[in-house]
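Residue-level listing of the chains:
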Amino acid sequence: MTRASAPGKSILFGEHAVVYGRPALAVPVTQVHADVDVTASPRAGIWIHAPNISLHEELSSLPSDHPIASAIHNFLFVCRVSPFPSLDISITSTIPVASGLGSGAAVTVALIRALSSYLSLDLPNEQINQFAYEIEKLHHGTPSGIDNTVITYARPVYFIKGQPIETFTVGAPFTIVIADTGISAPTKESVGDVRKLWEADKTKWETVFDEVGEIARTAKERIENGDWRLLGALMDANHSLLQQLTVSSPELDRLVETARRSGALGAKLSGGGRGGNMIALVEKDAAAQVSEALMSAGAKRTIVTEIANG
Ligand code: PMV
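Residues numbered from 1 in each chain as written. Predicted model: local features only at pLDDT ≥ 70, side-chain atom pairs only at ≥ 80, totals over all residues. Heavy atoms only, no water.

Draft legend 1. Region of interest: the nonpolar core. Counting residues in each nonpolar core, the largest one holds 102 residues, and the members touching the most others are F13, I89, F174 and M278. The residues contacting F13, other than those within four sequence positions of it, are A24, L25, I215, A216, A219, L231, L234, M235, N238 and K268. (Core = buried A, V, L, I, M, F, W, Y, C linked by side-chain atoms within 4.5 Å. Buried < 20%, exposed > 50% of the residue type's maximum accessible area, 1.4 Å probe, protein only. Contact = heavy atoms within 4.5 Å.)

Draft legend 2. Inspection of the site of the ligand at higher detail. Looking at the ligand, there are 16 residues lining it, with K9, S144, D147, T187 and G272 nearest. Interatomic distance of 3.2 Å between a backbone N/O atom of G100 and an oxygen atom of the ligand. In this structure, D147 approaches the ligand through a side-chain N or O atom, which is 2.7 Å from an oxygen atom. A total of 380 Å² of accessible area belongs to the ligand in isolation, and the protein chains cover 97% of it. For the shell around the ligand, the secondary-structure elements that each account for two or more residues are β1 (2–13), α4 (146–153) and α5 (187–200). Counted by class, the shell around the ligand contains six nonpolar, seven polar and three charged residues. (Near = heavy atom within 4 Å. Polar contact = N/O pair within 3.5 Å; in protein donor to acceptor, adjacent residues only side chain to side chain. Areas by Shrake-Rupley, 256 points an atom, 1.4 Å probe, with all protein chains shown as cover. Helix = DSSP H or I, 4+ residues; strand = E, 2+ residues; numbered from the N terminus. Nonpolar A, V, L, I, M, F, W, Y, C, P; charged D, E, K, R; others polar.)

Draft legend 3. Structural context of the environment of K9. With respect to the helices, strands and loops of the structure, K9 is situated in strand β1. Considered as a pair, K9 and C79 are 70 residues apart in the sequence and their alpha carbons are 27 Å apart. Sequence-distant contacts of K9, that is, excluding residues within four places in its chain, are made with V27, P28, V29, G100, L101, G102, D147, V150 and I151. In this structure the side chain of K9 is engaged in a polar contact, spanning 3.1 Å, whose partner is the backbone oxygen of G100.

Draft legend 4. View of the side chain of S103. Mapped onto the secondary structure, S103 falls in helix α2 (residues 103–118). Among the residues examined, S103 registers a relative accessible area of 13% and is labelled buried. Those residues within four positions of S103 in sequence are excluded, and the remaining contacts are I95, P96, V97 and A98.

Below you can see the structure in the form of structure tokens.
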């Protein structure tokens with residue numbers, strides 16, 4: 001049996017503007033992960049078992065644009081695997097779906113990595129990332145590529161669409177609390193709505209994207225210098241720009257407010273928005289108190305994670 005895993009991710013700064021070429025910062029979240037096991041199957045065919053989504057099917061019976069089927073087809077085609085081996089592929093994930101933690105990209109990365117290692121191809125990260133990006137397009141429409149990149153490399157990433165991957169050093173570790181609104185919100189929709197705004201008034205929204213990009217650039221410097229406490233104000237500023245972009249929601253705003261009132265240094269939504277997760281920057285010893293306040297304010301669950309070098 002061959003097993004591969006991939007972590008969840010959180011976007012610290014720059015979501016949405018990143019689709020328009022501005023920089024964004026994202027970090028892996030190792031408390032949640034997707035895991036894929038590949039074994040030889042006694043039955044002919046490629047059998048996919050994904051109990052989280054009640055999927056137990058042979059590859060050829062899945063629609064060709066199904067993200068899992070399409071990842072496997074792409075992989076077998078590009079790597080010229082012939083004839084197809086008989087396989088049992090088991091996919092599990094602790095990453096909540098459609099909540100901004102990168103569940104789709106993590107499943108693809110773990111799947112490609114497990115297949116590549118089972119077939120002794122050992123693809124480099126660069127190629128795994130490329131496969132995962134192609135599948136992200138099925139999930140999202142016009143993804144920037146930030147999710148698949150941070151998840152493939154499992155390191156903090158300063159991401160600019162179309163540019164070579166740039167990791168960065170965390171000068172001093174810091175803690176964030178991630179809280180889930182429990183509302184599942186497809187990123188494709190919020191990204192589509194931002195596009196409509198932008199198409200209606202490019203000058204106005206380009207200025208907003210510039211401001212978001214400037215926040216991400218400043219945040220990177222502060223993280224590298226170990227000045228992480230200064231990220232709080234940047235999170236607050238980024239959240240209000242995301243509100244202007246209409247991708248927040250009453251539930252996200254309530255959790256963001258609660259985090260600030262219960263001792264966080266700053267807070268913002270994270271990812272596509274409208275639902276999914278928010279993040280709050282905290283002193284390590286305030287994490288429990290902020291988590292509790294978020295749960296009392298309606299969060300479905302929280303994850304406390306330390307951001308450090310990978
Ligand atoms: O919803 P998530 O966590 O997959 O994040 C999407 C991030 C966006 O910037 C909104 C879209 C993208 O492709 O970068």
